[in-house]
Amino acid sequence: MASSVFLLDLKGKPLIARDYRGDIPLTAIERFMPLLQEREDEEGTSLPVLTENGVTYLHLREKDVY
């Protein structure tokens, strides 16, 4: 079950946000883009699943939207 769904622009700014359960702090979304960039720098590519501090991020990129 998803706790939240966010559509982000390339800078990580939320375009659309939906919080279903209220158990994920909004600061978690602010951490997504830096986390994604760190993983891409380390591994050269980014896996679609990232986990940090008990939050699991599932992502895909379609043109200019995450």
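In what follows, the accompanying structure is described. (Residues numbered from 1 in each chain as written. Predicted model: local features only at pLDDT ≥ 70, side-chain atom pairs only at ≥ 80, totals over all residues. Heavy atoms only, no water.)

**A look at the overall build of the protein**
Here is step 1: Helix and strand counts for the protein stand at one helix and four strands.
Here is step 2: Helices and strands in the protein line up, N terminus first, as β-β-α-β-β.
Here is step 3: For 66 residues, the compact-globule formula gives about 11 Å, and the C-alpha radius of gyration of the protein, at 12 Å, lands near that figure.
Here is step 4: The principal-axis extent of the C-alpha atoms belonging to the protein is close to 35 × 25 × 20 Å.
Here is step 5: Looking at the protein as a whole, 26% of its 66 residues are labelled buried. (Helix = DSSP H or I, 4+ residues; strand = E, 2+ residues; numbered from the N terminus. Rg over C-alpha atoms; globule rule 2.2 N^0.38 Å. Buried < 20%, exposed > 50% of the residue type's maximum accessible area, 1.4 Å probe, protein only.)

**Thoughts on a negative patch on the surface**
Here is step 1: Together, E40, D41, E42 and E43 make up a negatively charged patch on the protein surface.
Here is step 2: Note on placement: E40 falls in helix α1 (residues 27–43).
Here is step 3: With relative accessibility at 34%, the residue E40 sits in the partly exposed group. (Patch = residues over 30% accessible without salt bridge, like charges linked within 9 Å, V, L, I, M, F, W, Y side chains within 5 Å. Areas by Shrake-Rupley, 256 points an atom, 1.4 Å probe, with all protein chains shown as cover. Salt bridge = Lys/Arg side-chain N within 4 Å of Asp/Glu carboxyl O. Lys, Arg positive; Asp, Glu negative; His and termini not counted. Charge placed at Lys NZ, Arg CZ, Asp CG, Glu CD.)

**Details of the nonpolar core**
Here is step 1: Core analysis: the biggest nonpolar cluster contains eleven residues, these being L8, A28, I29, F32, M33, L35, L36, L50, V55, Y57 and Y66.
Here is step 2: When contributions to this core are tallied by element, the ones reaching two or more residues are α1 and β4 (55–58).
Here is step 3: The element contributing the most residues to this core is α1, with six residues. (Core = buried A, V, L, I, M, F, W, Y, C linked by side-chain atoms within 4.5 Å.)

**Considering the pattern of salt bridges**
Pairing between side chains of opposite charge can happen when the charged atoms of each approach one another.
Here is step 1: In this structure the tally under the stated criterion is three salt bridges.
Here is step 2: The residue D23 makes a salt bridge to R21 at a minimum N-O spacing of 3.8 Å.
Here is step 3: You can call D23 partly exposed: its relative accessible area is 41%.
Here is step 4: For R21, a relative accessible area of 49% corresponds to the partly exposed category.
Here is step 5: Across the pair E52 and R31 runs a salt bridge whose closest N-O atoms are separated by 2.9 Å. Here the residue E52 occupies a position in strand β3 (residues 49–52), and R31 occupies one in helix α1, the gap between them amounting to 21 residues.
Here is step 6: Overall, the relative accessible area of 19% leaves E52 in the buried class.
Here is step 7: The network of salt bridges with common partners includes R31, E38 and E52.

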